[in-house]
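Take a look at the letters that make up each chain.
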Amino acid sequence: NRKGRFHTMDNEKKFFDILEELDIHDYKIYEHEALFSVKQEGAEELMFPGINLKNLLIKDKKSGGFYLMILEDHRRLDFDSFRKLTGAKKTRFATEDELWDLMKITPGSVTPYTIFNDVENRVKVILGREITEASEDTLLNFHPCRNTATISVAKRDFLRIIRKMGHEPMFEEIKDKGEKCERQR
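Residues numbered from 1 in each chain as written. Predicted model: local features only at pLDDT ≥ 70, side-chain atom pairs only at ≥ 80, totals over all residues. Heavy atoms only, no water.

### Some details on the overall build of the protein
Part 1 of the argument: A tally of helices and strands in the protein yields 5 helices and 7 strands.
Part 2 of the argument: When the helices and strands of the protein are listed from N to C terminus, the series reads α-β-β-β-α-β-α-β-α-β-β-α.
Part 3 of the argument: Taken over 185 residues, the protein has a buried fraction of 53%.
Part 4 of the argument: Within the protein, residue pairs in contact and separated by at least 24 positions form 69% of the contacts whose partners lie at least 6 positions apart.
Part 5 of the argument: As displayed, the protein offers around 9700 Å² of accessible surface, 47% of which is attributable to carbon and sulfur atoms. (Helix = DSSP H or I, 4+ residues; strand = E, 2+ residues; numbered from the N terminus. Buried < 20%, exposed > 50% of the residue type's maximum accessible area, 1.4 Å probe, protein only. Contact = heavy atoms within 4.5 Å. Areas by Shrake-Rupley, 256 points an atom, 1.4 Å probe, with all protein chains shown as cover.)

### Description of helix α2 (residues 79-86)
Part 1 of the argument: Of the residues making up α2, those classed as buried are Ser-81, Phe-82 and Thr-86. For α2, the angular spread of buried residues about the axis comes to 120°, placing them on one side. Exposed residues on α2 whose side chains face more than 90 degrees from its buried face are Asp-80 and Lys-84.
Part 2 of the argument: Along its buried surface, α2 packs onto β2 (51-60), β3 (66-72), β4 (91-93) and β5 (123-127).
Part 3 of the argument: Looking at the residues trailing α2, positive phi occurs at Gly-87, about 80°. (Arc of directions from axis to C-beta.)

### Digging into the pairing of strand β7 (residues 149-154)
Part 1 of the argument: Burial within β7 is extensive, with 6 of its 6 residues counted as buried.
Part 2 of the argument: Judged by which residues are buried, β7 turns out to be covered on both faces: Ala-149, Ile-151 and Val-153 on one side and Thr-150, Ser-152 and Ala-154 on the other are all buried.
Part 3 of the argument: By the bridge criterion, 5 bridges tie strand β1 (residues 27-31) to β7 in an arrangement that is antiparallel. Within β7, the position partnered with Ile-29 by the bridge is Ile-151.
Part 4 of the argument: Alignment of strand β6 (residues 139-142) against β7, held across 4 bridges, turns out to be antiparallel. Counterpart to Asn-141 in the pairing with β7 is Ser-152.
Part 5 of the argument: Hairpin geometry of β6 and β7 is characterised by an intervening segment of 6 residues between the two adjacent antiparallel strands and by a positive phi of about 80° at Cys-145. (Pairing = 2+ DSSP bridges.)

### Points about the packing of aromatic side chains
Part 1 of the argument: Enumeration according to the criterion identifies 10 aromatic pairs in this entry.
Part 2 of the argument: On the numbers, 6.0 Å between centres and 50° between planes, the contact of Phe-16 with Tyr-27 is tilted. Taken together, the positions of Phe-16 in helix α1 (residues 2-21) and Tyr-27 in strand β1 put the pair 11 residues apart, joining distant regions of the chain.
Part 3 of the argument: Residue classification places Tyr-27 among the partly exposed residues on the basis of a relative accessible area of 30%.
Part 4 of the argument: Pairwise contacts between aromatic rings join Phe-15, Phe-16, Tyr-27, Tyr-113, Phe-142 and Phe-158 into one cluster. (Phe/Tyr/Trp six-rings, centres within 6.5 Å; stacked < 30°, edge-to-face > 60°.)

### Remarks on the side chain of Thr-150
Part 1 of the argument: Note on placement: Thr-150 falls in strand β7.
Part 2 of the argument: Of the polar contacts made by the side chain of Thr-150, one reaches the side chain of His-32; its length is 2.8 Å. (Polar contact = N/O pair within 3.5 Å; in protein donor to acceptor, adjacent residues only side chain to side chain.)

### Some points on the confidence of the model for the protein
Predicted coordinates in regions of low pLDDT should not be interpreted in detail.
Part 1 of the argument: Counting all residues, the mean pLDDT for the protein is 83, and 82% of those residues have values of 70 or more.
Part 2 of the argument: Counting interchain partners and residues more than four positions distant, the pLDDT-below-50 stretch residues 179-185 has 24 contacts. (pLDDT = per-residue confidence, 0-100.)

### Some details on the pattern of salt bridges
Part 1 of the argument: All told, the structure shown has 12 salt bridges when counted by the stated rule.
Part 2 of the argument: Lys-164 is the partner of Glu-21 in a salt bridge, and the nearest nitrogen-oxygen pair spans 2.4 Å. With Glu-21 in helix α1 and Lys-164 in helix α5 (residues 155-164), this pair connects stretches of sequence that are 143 residues apart.
Part 3 of the argument: When its relative accessible area of 54% is taken as the criterion, Glu-21 is described as exposed.
Part 4 of the argument: A relative accessible area of 39% means that Lys-164 is categorised as partly exposed.
Part 5 of the argument: Put simply, Glu-130 and Arg-75 hold a salt bridge, and the shortest N to O gap is 3.6 Å. Of this pair, Glu-130 sits in helix α4 (residues 129-132) while Arg-75 is found in the loop between β3 and α2, placing the two residues 55 residues apart along the sequence. Each member of the pair Glu-130 and Arg-75 is classed as buried. (Salt bridge = Lys/Arg side-chain N within 4 Å of Asp/Glu carboxyl O.)

Right, dumping it as structure tokens:
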């Protein structure tokens, strides 16, 4: 994807500039093959210390609002609970064009670390219970604006980053179905 290739470097540079601005240096980067989904073959071998997370960008079809739902990587979102929390009645996953327009990211690389591209604050960040209940020192693992690496940062620093990017995360607990996604072999 041509537009994705050009913005990946810009996004990553902006992200690391924010880390520097916040004086966050206590993180670890793991380089790996491109990982597009937690269901992808080999994904379970790429589990890192801390909580491995996935990001779902969901659109409320009626209001046009968006929610970045962050869950532990093997959990499935309970859409009924999600709808109760957000008030959204009809939802769907964001399209590739919506991902690009809002966060300048392509499918398979969704990360909260490009939320700074949402300058109109159309996206609300919702943290699943694993993050909400985690201690401030717990490591959270996300792509650093590209899906060929994972960055681990402490929860306290993650929250500082998201707030610096102009978004206040919601901490309401959303029940998940607790089912593990089947991993393809």
